[in-house]
Amino acid sequence: MAPRNVTVTDACAARVAKIVEGESENTVLRISVEGGGCSGFSYKFDLVPAAEDDDVVLEKNGATLVIDPISMVYLAGSEIDFVDDLIGQSFQIRNPNAVASCGCGTSFSV
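Counting starts from 1 at the beginning of each chain's written sequence and moves along it residue by residue. For a predicted model such as this one, the threshold for reporting local features is a pLDDT of at least 70, and the threshold for listing and counting side-chain atom pairs is 80 or more; totals across whole chains, interfaces and linings nevertheless cover every residue. The side-chain figures draw on all heavy atoms in the structure; neither hydrogens nor water molecules are used.

Participant: Help me understand the overall build of the protein in this model?
Facilitator: In DSSP terms, a helix is any run of H or I states spanning at least four residues, a strand is any run of E spanning at least two, and both are numbered starting from the N terminus. What the protein contains, in helices and strands, is 2 helices and 9 strands. Ordered by position from the N terminus, the helices and strands of the protein form the series β-α-β-β-β-β-α-β-β-β-β. Burial classes: relative accessible area under 20% of the type maximum marks a residue as buried, over 50% as exposed, and values in between as partly exposed (1.4 Å probe, protein chains only). Residue burial in the protein is summarised as follows: out of 110 residues, 38% are buried. When contacts within the protein are restricted to residue pairs at least 6 apart in sequence, long-range pairs at least 24 apart make up 53% of them. Per-residue and other accessible areas were derived by the Shrake-Rupley procedure at a 1.4 Å probe size, with only the shown protein chains allowed to occlude residues. Taken as a whole, the protein presents about 6,100 Å² of accessible surface, with 49% of it coming from carbon and sulfur. Any two residues having at least one pair of non-hydrogen atoms within 4.5 Å are treated as being in contact.

As structure tokens, this is what we get:
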């Protein structure tokens, strides 16, 4: 399955590579969309050992991220970033499909 224009920033790739550096088994970051959260859907980030057969695989600068086909519908056109600012460190998704999001940045509606 093609990535459907999901992009990964250099900062995100660097952070994923650093996180999995000490991992022997879970070396892939899975990004998924689940029902729930204060705006209807929420993003979920998990370390997993490998991609599933039907996953979209995004590779950049030594980092591997995967997205399942159902979540890809909601993430098409998104940019996945890692931000380190005064508020803290977090993965952030700039999603053009989201019509509303909550203050925490992990919940959205379409």
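Additional details are given in the paragraphs that follow.
Participant: What exactly am I supposed to notice about the pattern of salt bridges here?
Facilitator: Salt bridges are defined as contacts in which a side-chain nitrogen from Lys or Arg sits within 4 Å of a carboxyl oxygen from Asp or Glu. Counted by the stated rule, this structure contains 6 salt bridges. In this structure, the salt-bridge partner of Glu34 is Lys44, at a minimum N-O distance of 3.4 Å. With a gap of 10 residues between them, Glu34 in strand β2 (residues 28-35) and Lys44 in strand β3 (residues 41-48) connect regions that are remote in the sequence. Judged by its relative accessible area of 34%, Glu34 falls in the partly exposed class. Arg94 serves as the salt-bridge partner of Asp81, at 2.9 Å between the closest nitrogen and oxygen. Pair noted here: Asp81 is in strand β6 (residues 79-85) and Arg94 is in strand β7 (residues 88-94), with a separation of 13 residues, a long-range link.

Participant: How do you make sense of the packing of aromatic side chains when you look at a structure like this?
Facilitator: Pairs of aromatic rings are described using the distance from one ring centre to the other and the angle between the two planes. Ring pairs are drawn from Phe, Tyr and Trp, using the six-membered ring of Trp, whenever the two centres fall within 6.5 Å, and their geometry is named by plane angle: stacked under 30 degrees, edge-to-face over 60, tilted for the rest. A full pass over the atoms with the stated rule returns 3 aromatic pairs. Between Phe41 and Tyr74, the aromatic rings sit 4.8 Å apart at their centres with planes inclined by 40°, giving tilted as the arrangement. Taken together, the positions of Phe41 in strand β3 and Tyr74 in helix α2 (residues 69-75) put the pair 33 residues apart, joining distant regions of the chain. Centroid distance Phe82 to Phe91: 5.2 Å. Interplanar angle 65°. Geometry classified as edge-to-face. Accessibility classification places Phe82 together with Phe91 in one group, the buried group. Joined through ring pairs, the aromatic side chains of Phe45, Phe82 and Phe91 make up one cluster.

Participant: Can you walk me through the nonpolar core in this structure?
Facilitator: The nonpolar side chains of soluble globular proteins are, as a tendency, buried together. Ranked by size, the top nonpolar core spans 20 residues in total, and within it Cys12, Ile31, Leu58, Leu65, Ile67 and Ile80 carry the most contacts. The contacts of Cys12, once residues within four sequence positions are left out, are Leu65, Ile80, Asp81, Phe82 and Phe91. The term nonpolar core refers to a set of buried residues drawn from Ala, Val, Leu, Ile, Met, Phe, Trp, Tyr and Cys, joined through side-chain atoms within 4.5 Å.

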